[in-house]
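Listed here are the chains, written in short residue letters.
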Amino acid sequence: MKYKSVFDIIGPVMVGPSSSHTAGAARIGRVARKLLGRQPKRAEITFYGSFAKTYQGHGSDVATVAGILDFDTFDLRLKDSLSIAQNEGMEVILQTSDVRTEHPNTARIRLSDEKETIEIVGVSIGGGKIEVLEINGFSCQLGFDSPTLLVLHEDRFGMIAAVAKVLTRQRINVGLMEVSRHDRGSRALMALETDAVVSEQVMEEIRNIPHIFDVSLLALG
């Protein structure tokens, strides 16, 4: 990922000590929270590589849980996130793994309640920036710096064109698009980074396209 300015390297306004291990971890946790759409009953967090070795000293544990609580990187409640989660009835399971990953700052987060379970794999790449490499088993490479439309659909001819037609009609520009599928003809995930937040009305229009299972919008800003 390219940095747009020196502030992307320095990192965001945050509770320290580390933009990579604290701010980045908080943002990964917040992506998971946004995808679930509400506070989970249970959060399972697995750290790999450098995260696994230093997560307590660098605050990656409290930062990730803070993100899951939907706290931003500068929220002073971050340092107390574990006790806040406990008081709010959220079960937190922290674990480490020796499995080697492509990036040293990798976390797998699984959130669940009585309705739904979601799982992501995210990496902290420096300066508070992150990339999400997996969403519910679908491969991707998303930073969520821009509003990102996620469309779960049947893997069949014409789906990309149908979604693009709606966005074109609404004059919504797409800066990046990724499509991932489990198997040919099964379910697929379309991710589109847009230049503007997509309204609920537009999302509903996309939901009404045949063979669309779910539509959601994730924006961290």
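Everything discussed here concerns the structure shown above.
Residues numbered from 1 in each chain as written. Predicted model: local features only at pLDDT ≥ 70, side-chain atom pairs only at ≥ 80, totals over all residues. Heavy atoms only, no water.

(A) Summary view of the overall build of the chain. Each helix and strand counted, the chain has seven helices and 10 strands in total. The globule rule puts the C-alpha radius of gyration for 221 residues at 17 Å, and the 17 Å found for the chain is close to it. Overall size of the chain, expressed as C-alpha extent along the three principal axes, is 50 × 40 × 35 Å. Looking at the chain as a whole, 48% of its 221 residues qualify as buried. Considering only residue pairs separated by 6 or more positions, the chain has 67% of its internal contacts joining residues 24 or more positions apart. If you sum the accessible surface of the chain, you get close to 11300 Å²; carbon and sulfur atoms cover 48% of it. Computed over 25 positive and 28 negative side-chain charges, the inter-centroid distance for the chain is 3 Å. (Helix = DSSP H or I, 4+ residues; strand = E, 2+ residues; numbered from the N terminus. Rg over C-alpha atoms; globule rule 2.2 N^0.38 Å. Buried < 20%, exposed > 50% of the residue type's maximum accessible area, 1.4 Å probe, protein only. Contact = heavy atoms within 4.5 Å. Areas by Shrake-Rupley, 256 points an atom, 1.4 Å probe, with all protein chains shown as cover. Lys, Arg positive; Asp, Glu negative; His and termini not counted. Charge placed at Lys NZ, Arg CZ, Asp CG, Glu CD.)

(B) Seen up close, the packing of aromatic side chains. Scanning all chains against the criterion turns up two aromatic pairs. Relative to F51, the ring of F47 has its centre 5.6 Å away and its plane inclined at 75°; by these criteria the two rings are edge-to-face. By relative accessible area, which is 0% here, F51 ends up buried. With a centroid separation of 5.1 Å and 25° between ring planes, the pair formed by F47 and Y55 is classed as stacked. For the pair formed by F47 and Y55, the shared burial category is buried. These aromatic residues form a ring-pair network of at least three members: F47, F51 and Y55. A cation sits over an aromatic face here: R77 above F71, 3.8 Å from the ring centre. (Phe/Tyr/Trp six-rings, centres within 6.5 Å; stacked < 30°, edge-to-face > 60°. Lys NZ or Arg CZ within 6 Å of the ring centre and 35° of its normal.)

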